[in-house]
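Descriptive structure summary
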Amino acid sequence: MKKLIKIAFQGEPGANSHIAIAEAYPDAEPVPCPTFEDALAAITSGEADLGMIPIENSVAGRVADIHHLLPQSGLFIVGEYFLPIHHQLMAPRGAKLGDVKTVESHVHALGQCRNIIRKLRIKPIVSGDTAGSARIVAERGDRTCASIASKLAADIYGLDILAEDVEDETHNTTRFVVLAREAIWAEQGSGPLVTTFVFRVRNLPAALYKAMGGFATNGVNMTKLESYMVDGNFFATQFYADVDGHPDDKGLAFALEELKFFSREFRIVGVYPGHPFRATFREEAE
C-alpha cells in the first residue's frame, strides 16, 4: 500500500489552506498546525513531507509572517497554487439570518466581508482562524453567534450556511507556495517556470537600481519584488523576488549574475512550475 504524503498547513480543519491541499493533492493527508512556525517546523522535522502556506492574497496583500519566516526556515518552494476564496456566513443548526447578532472570523476574512456585516448590522469579533471560529461557534451552540468560514468548515463542524459567497470582491484569491525540505528544481524548458530568490544589496549608492538593471536589459519579467527589515534594523533590508524563467535560461542567468555582483547575500528559494492561474491575469502589452 502506497504511503500517503503528509502536508502541513496553518489553521484548523476546514481552513482555506486545507481546501488548497484537498484540491492540489487530493490523496494527501493534511496536517493542521496552530501557527506558521509550527507548520514550518513540521516540515523541517519530517513530521510532514510538504507544506501548503499562503503567501499573498489579492485583497489583503502579502502574508507578512511568511516573508519573514521563509528565508530563515531553510525550506524550499517546489510549487504554487492559487485558490479563489469564497466566504460563507454560517451559524448553529436552525439559526436564521435575523437571529445573528455577532460574527467571528479571522481579521482578514472579516475585512473581506464588510458589506454583509454592515448590511446585517452585526458585530464582528476577531478570531485566530476562519475554521477555528466555525468550530467555536458550533461548540457554543448560540444561534445569535455566526462565523465566516468555508463550506468545508460548515460541513466539518455541522453548521448551517445562512448566506453564500459573502466576500466583497469576486477576484478574492490566495496564492499558496508548496514548501519542502529539499530543493527540487523544475526542469528547464518544461513549461512556464517561476524562480524565487531572496537577496540583500551591498551598502552602495544606487545598488538596488544597478542590481535590478540586468533584468530589464535581459528581458526578464519580474512579477514580484518585496522588501522587509532584517532583525528590526531600519537600514538592513532584504528583498524577496519572483521572476519568470529558469536560472539556466540565458537572459535570467545574466540578470542573476549582475544582481549577485551588487548583492552581499543571495539565495534561490525555488524553481517551480507556474500555476495555470497566472495566465488569467497577464496584462496586455501596450
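In this report, the structure presented in the accompanying data block is examined. Just so you know, these numbers come straight off a predicted model, no measurement behind them.

What about the state of the cysteines?
In a disulfide, the sulfur atoms of two cysteines are held together by a covalent bond. Within the structure shown, the criterion is met by zero disulfides. Cysteine Cys-113 remains unbridged, with the sulfur of Cys-145 as its closest cysteine sulfur at 17 Å.

Concerning the environment of Asn-203
For Asn-203, the position within the fold is in the loop between β12 (193-201) and α8 (207-217). Taking relative accessible area as the criterion, Asn-203 reaches 81% and is therefore assigned exposed. Sequence separation between Asn-203 and Ile-117 is 86 residues; the distance between their C-alpha atoms is 48 Å.

Concerning helix α6 (residues 130-140)
All buried positions along α6 are accounted for by Thr-130, Ala-131, Gly-132, Ser-133, Ala-134 and Val-137. Capping of α6 at its N-terminal end is provided by Asp-129; its side-chain oxygen lies 3.1 Å from the backbone amide nitrogen of Ala-131. Among the residues trailing α6, Gly-141 stands out with phi positive, at a value near 75°.

As for α8
Looking only at α8, the buried set comprises Ala-207, Ala-211, Met-212, Gly-214 and Phe-215. One face of α8 carries all of its buried residues, which in axial projection span an arc of 135°. Exposed positions of α8 whose direction lies more than 90 degrees from the buried face are Tyr-209, Ala-216 and Thr-217.

Focus on the sheet that holds strand β6 (residues 88-92)
Strand pairing in a sheet is mediated by backbone hydrogen bonds. Such pairs are either parallel or antiparallel. The five strands lie next to each other as β8-β7-β9-β6-β10, forming an open sheet whose pairing is mixed. Only two strands of the sheet have a single neighbouring strand rather than two, namely β8 (123-127) and β10 (159-163). Averaged over all adjacent pairs, the angle separating strand axes in this sheet is 35°, with direction ignored. Of the pairings in the sheet, the one linking β6 to β10 comprises four bridges and is antiparallel in character. In the sheet register, Pro-92 faces β10, and the bridge partner there is Leu-159. Sheet strands touched by α6: β6, β7 (102-106), β8, β9 (145-149) and β10. Its angle to β9, the strand with the most contacts, is close to 155°.

Rules used throughout
- Residues numbered from 1 in each chain as written.
- Predicted model: local features only at pLDDT ≥ 70, side-chain atom pairs only at ≥ 80, totals over all residues.
- Heavy atoms only, no water.
- Disulfide = S-S within 2.5 Å.
- Helix = DSSP H or I, 4+ residues; strand = E, 2+ residues; numbered from the N terminus.
- Buried < 20%, exposed > 50% of the residue type's maximum accessible area, 1.4 Å probe, protein only.
- Polar contact = N/O pair within 3.5 Å; in protein donor to acceptor, adjacent residues only side chain to side chain.
- Arc of directions from axis to C-beta.
- Pairing = 2+ DSSP bridges.
- Axes fitted to C-alpha atoms, helices over the stretch in contact; angles between N-to-C directions.
- Contact = heavy atoms within 4.5 Å.

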